[in-house]
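Remarks on the overall topology
Residues per chain are reported as follows:
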Amino acid sequence: MDHAAATPTGATVDVLVVQVEPDLPVPGYAHPGDAGADLCTRVDVDLAPGGRVTVPTGVRIALPDGYAAFVHPRSGLARRHGLTVVNAPGTVDAGYRGEIEVTLLNTDRDEALVLRRGDRIAQLVVQKVERARFVRAERLPGSHRGEGGFGSSGGWDPGAGGRAIVHENIR
Ligand SMILES: O=c1ccn([C@H]2C[C@H](O)[C@@H](COP(=O)(O)OP(=O)(O)OP(=O)(O)O)O2)c(=O)[nH]1
């Protein structure tokens, strides 16, 4: 099992964890100062090129009110194998008591990926979140960006003229 569960120095919040199978590690930070605690797969997975799978992590948590946890991909797996999290970052609500699952996508067109039970597959970032009151208004205050959407600062082909852009399917 490739996992270094360091006791986090400077931890600022307690998060209760119930392990679905006690021999798997609780989420752990690999290094002091890391933002993400590693999540492991509870099952073996063979992921075909272009394949998608939802993997159980073996952990259930109770976040305090005012917090959420976000499931992010691991950069090393992304770089080496093209592995990503489909809905990155996945949102774990404070009220969620079920097992955290991770929906993985093997973006590599040629190589299958083998994950074994206990392998680290993603990382969980615990954050304070605001809860907004959405207040109806007739107009919004001005800003430097204005209505310029994504790509408006350059590097994007504006030829689509506001139409949806259909991206090539990975298959
Ligand atoms: O990567 C993820 C994302 C979410 N969840 C769990 C925790 C979260 O609280 C719940 C619901 O997630 P989300 O709100 O993103 O899903 P939804 O499709 O909007 O479903 P819902 O209608 O239940 O909110 O699923 C995970 O285990 N892993």
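Computed from a predicted model, the values in this text were never measured in an experiment.

Cut-offs used in this document
- Residues numbered from 1 in each chain as written.
- Predicted model: local features only at pLDDT ≥ 70, side-chain atom pairs only at ≥ 80, totals over all residues.
- Heavy atoms only, no water.
- Pairing = 2+ DSSP bridges.
- Helix = DSSP H or I, 4+ residues; strand = E, 2+ residues; numbered from the N terminus.
- Axes fitted to C-alpha atoms, helices over the stretch in contact; angles between N-to-C directions.
- UniProt positions renumbered as here; feature names shortened; annotations may be inferred.
- 1 Å grid on protein atoms, 1.4 Å probe; cavity = no way out; pocket = protein on both sides within 12 Å on 5 of 7 lines; lining within 4 Å.
- Buried < 20%, exposed > 50% of the residue type's maximum accessible area, 1.4 Å probe, protein only.
- Contact = heavy atoms within 4.5 Å.
- Near = heavy atom within 4 Å.
- Polar contact = N/O pair within 3.5 Å; in protein donor to acceptor, adjacent residues only side chain to side chain.
- Areas by Shrake-Rupley, 256 points an atom, 1.4 Å probe, with all protein chains shown as cover.
- Nonpolar A, V, L, I, M, F, W, Y, C, P; charged D, E, K, R; others polar.

Reading across the sheet, the 4 strands line up as 2-10-5-7 and stay open at both edges, with antiparallel pairing between neighbours. With one partner strand each, in any of the chains shown, strand 2 (36–40) and strand 7 (90–92) form the two edges of the open sheet. Sheet twist, expressed as the average angle between the axes of neighbouring strands with direction ignored, equals 35°. Inspection of the sheet shows strand 5 (residues 67–73) paired to strand 10 (residues 120–128) by 7 bridges, in the antiparallel sense.

As a further point, take the UniProt feature "binding site: substrate" (unreviewed entry) in the chain. Following the UniProt record, one finds the feature "binding site: substrate" (unreviewed entry) at R74, S75, G76, N87, T91, V92 and D93. Taken together, the annotated residues stretch across 20 residues and extend over separate regions, lying up to 26.3 Å apart by C-alpha. In the annotated group above, the second largest pocket draws its lining from N87, T91 and V92. Position of D93 among the secondary structure elements: in the loop between strand 7 and strand 8 (99–106).

A separate point is the environment of V15. Looking at the secondary structure, you find V15 in the segment before strand 1 (16–19). Judged by relative accessible area, V15 falls into the partly exposed class, the value being 26%. When neighbours within four sequence positions are excluded, V15 is seen to be in contact with I61, A62 and L63.

Where strand 2 meets strand 10, 5 bridges bridge the pair, whose relative direction is antiparallel. Directly across from A37, in strand 10, lies its bridge partner L124.

This part is about the site of the ligand. The environment of the ligand is made up of V71, N87, G90, T91, V92, D93, Y96, E99, I100 and E101. Note that an oxygen atom of the ligand is positioned 2.6 Å from one of the side-chain N or O atoms of D93. Here the ligand has 570 Å² of accessible area as a free molecule, and 49% of this is covered by the chains. Secondary structure elements with two or more residues in the shell around the ligand: strand 7 and strand 8. Among the residues making up the shell around the ligand, the classes are represented as 4 nonpolar, 3 polar and 3 charged.

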